[in-house]
Amino acid sequence: MIYRTLLSVVLMLLILSFGTLALGQEPTAEQEERVAELEESLKYDDYSVKGYRLSFWGGNFSGASYLENPELGPRTVLTPGAGDIIAYNGDVLWESTAKYENGLNIYDAAHKEIEPGPAFGGRVGIYISQDFHLDLLGTYATGNAITTMLYRPDPEDRTNSSRITVDEDSGFKMVKGGLALMYDAKPATMFGIEPRLGFGLGGIINRYSFLGDKTALYLEGNFGLSYELFDNFDITGQVDVTTFAYEVDELGYSNMVNYATFSIGVSWFIDVVPHDVRAAHLAELEAEE
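On a predicted model such as this, the values are computed, not experimentally measured, just so you know.

Peer 1: It is not clear to me how the nonpolar core should be interpreted in this structure. Could you clarify?
Peer 2: One recurring pattern in soluble globular proteins: nonpolar side chains tend to sit buried together. Residues Tyr66, Phe172, Tyr208 and Tyr259 are the most contacted members of the largest nonpolar core, which totals 36 residues. Looking at this core, the elements with two or more residues in it are β1 (51–61), β2 (64–68), β3 (107–114), β5 (132–151), β6 (162–184), β8 (214–230), β9 (233–248) and β10 (253–271). The element contributing the most residues to this core is β6, with five residues.

Peer 1: Mind showing me how you'd approach the environment of Ala87 here?
Peer 2: Tracing the chain through its elements places Ala87 in the loop between β2 and β3. Note on Ala87: relative accessible area 6%, which makes it buried. Placed 82 residues apart in sequence, Ala87 and Asp169 show a C-alpha to C-alpha distance of 9.2 Å. Leaving out residues up to four positions away in the same chain, Ala87 has contacts with Leu93, Asp167 and Leu211.

Peer 1: Would you mind going over the pattern of salt bridges with me for this structure?
Peer 2: Two side chains carrying opposite charge are able to pair once their charged atoms lie near each other. Applying the stated criterion to the full structure yields 15 salt bridges. Glu250 is paired through a salt bridge with Lys112; the nearest N and O atoms lie 2.7 Å apart. Of this pair, Glu250 sits in the loop between β9 and β10 while Lys112 sits in strand β3, and the two are 138 residues apart along the sequence. Across the pair Asp131 and Lys186 runs a salt bridge whose closest N-O atoms are separated by 3.2 Å.

Peer 1: In this structure, what is going on with empty space enclosed by the protein? I would like to understand it.
Peer 2: Over the atoms rolls a probe the size of a water molecule, and in doing so it shows where empty space is left. Taken as a whole, this structure holds three cavities of 30 Å³ or more when the rule is applied. Estimated volume of the largest cavity: approximately 180 Å³. Surrounding the largest cavity, 20 residues form its lining, Ser55, Arg123, Arg196, Thr236 and Gln238 being those nearest its centre. When the residues that make up the lining of the largest cavity are grouped by side-chain class, the tally is six nonpolar, nine polar and five charged. By residue number, the principal contributor to the lining of the second largest cavity is β9, which donates three residues. Looking at side-chain class alone, the lining of the second largest cavity contains five nonpolar, no polar and five charged residues.

Peer 1: Just checking my understanding: could you explain the packing of aromatic side chains for this structure?
Peer 2: Note on aromatic pairs: each is described by the distance of the centres and the angle between the planes. Inspection of the entire model under this criterion finds eleven aromatic pairs. Between Phe230 and Phe233, the aromatic rings sit 6.0 Å apart at their centres with planes inclined by 40 degrees, giving tilted as the arrangement. Taking the relative accessible area as the measure of exposure, Phe230 reaches 56% and is therefore exposed. The class of Phe233 is partly exposed, set by a relative accessible area of 28%. Ring geometry for Phe244 against Tyr246: centres 5.9 Å apart, planes inclined by 40 degrees, an arrangement best described as tilted. Residue Tyr246 is classed as buried on the basis of its relative accessible area of 1%. One aromatic cluster is present, formed by Phe61, Tyr66, Phe244, Tyr246 and Tyr259 through successive ring pairs. Over the aromatic face of Tyr88 sits the side chain of Lys112, whose NZ or CZ is 5.3 Å from the ring centroid.

Peer 1: So what exactly am I meant to see when it comes to the side chain of Asp184 here?
Peer 2: Following the sequence through the fold, Asp184 ends up in strand β6. Residue classification places Asp184 among the buried positions, given a relative accessible area of 0%. At 2.5 Å, the side chain of Asp184 forms a polar contact with the side chain of Tyr127. Side chain to side chain, Asp184 and His133 meet in a polar contact 2.9 Å long.

Basis of the calculations
Residues numbered from 1 in each chain as written. Predicted model: local features only at pLDDT ≥ 70, side-chain atom pairs only at ≥ 80, totals over all residues. Heavy atoms only, no water. Core = buried A, V, L, I, M, F, W, Y, C linked by side-chain atoms within 4.5 Å. Buried < 20%, exposed > 50% of the residue type's maximum accessible area, 1.4 Å probe, protein only. Helix = DSSP H or I, 4+ residues; strand = E, 2+ residues; numbered from the N terminus. Contact = heavy atoms within 4.5 Å. Salt bridge = Lys/Arg side-chain N within 4 Å of Asp/Glu carboxyl O. 1 Å grid on protein atoms, 1.4 Å probe; cavity = no way out; pocket = protein on both sides within 12 Å on 5 of 7 lines; lining within 4 Å. Points joined across faces, edges and corners; volume = space filled by probe spheres on them. Nonpolar A, V, L, I, M, F, W, Y, C, P; charged D, E, K, R; others polar. Phe/Tyr/Trp six-rings, centres within 6.5 Å; stacked < 30°, edge-to-face > 60°. Lys NZ or Arg CZ within 6 Å of the ring centre and 35° of its normal. Polar contact = N/O pair within 3.5 Å; in protein donor to acceptor, adjacent residues only side chain to side chain.

Below is the structure:
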């Protein structure tokens, strides 16, 4: 038994030694020549990935309104709890239940919205052709979540009212990430400014300080303009419009909401196709035109 164990250990060491020697060997001249010939024979279409584009940007997040209750009529009757508005700490907002002695609501017509704020993000674009690229993207934005209501100072006068803020969450954050198919519209380039169009989808998280997250899948449209400052280095401006279903606690269902992000950033193109191969491809395209 001991001899078999020693024999196994010796064989293992020999295998590891030969493997290390094999890995440490430098390629022969013949192997290098074959690799060079293979690279020379490759054409543009043989490269499944034509390049990468790294983008970083900052800008403004538009926010949106996701609850807009109408003003109650003089004969409107609500069942218990139907008019309750959830505060950002999770309790029922007392303003939503406050009434004068004559039964008129002191506060009415609750609106909930996300105010505009700063946004930041990045993209990693994978070029699958000369002009089309698949982008992995992420966005982070902050803003205030506020609740406003109509305040009636006179219990006898329904027309005398003003909208005031009754609740606020300054810790609101929006995070989204997804995938977008982008097109660099080179034929539409004017004065060196190149348009970019795209369409994407992904997931979005609306995060409050105390309330539970509101998550959803989104669809997004993208439009941007880019200008090359240096070789493979661009400055870009872009608008992203995101549409998704926002779950509203007071309604028991979701409202469709649109966010818009306006941004300015920079992008760097990393070419993985040899210069001569790309030049030959561009010459072929010019000849076809």
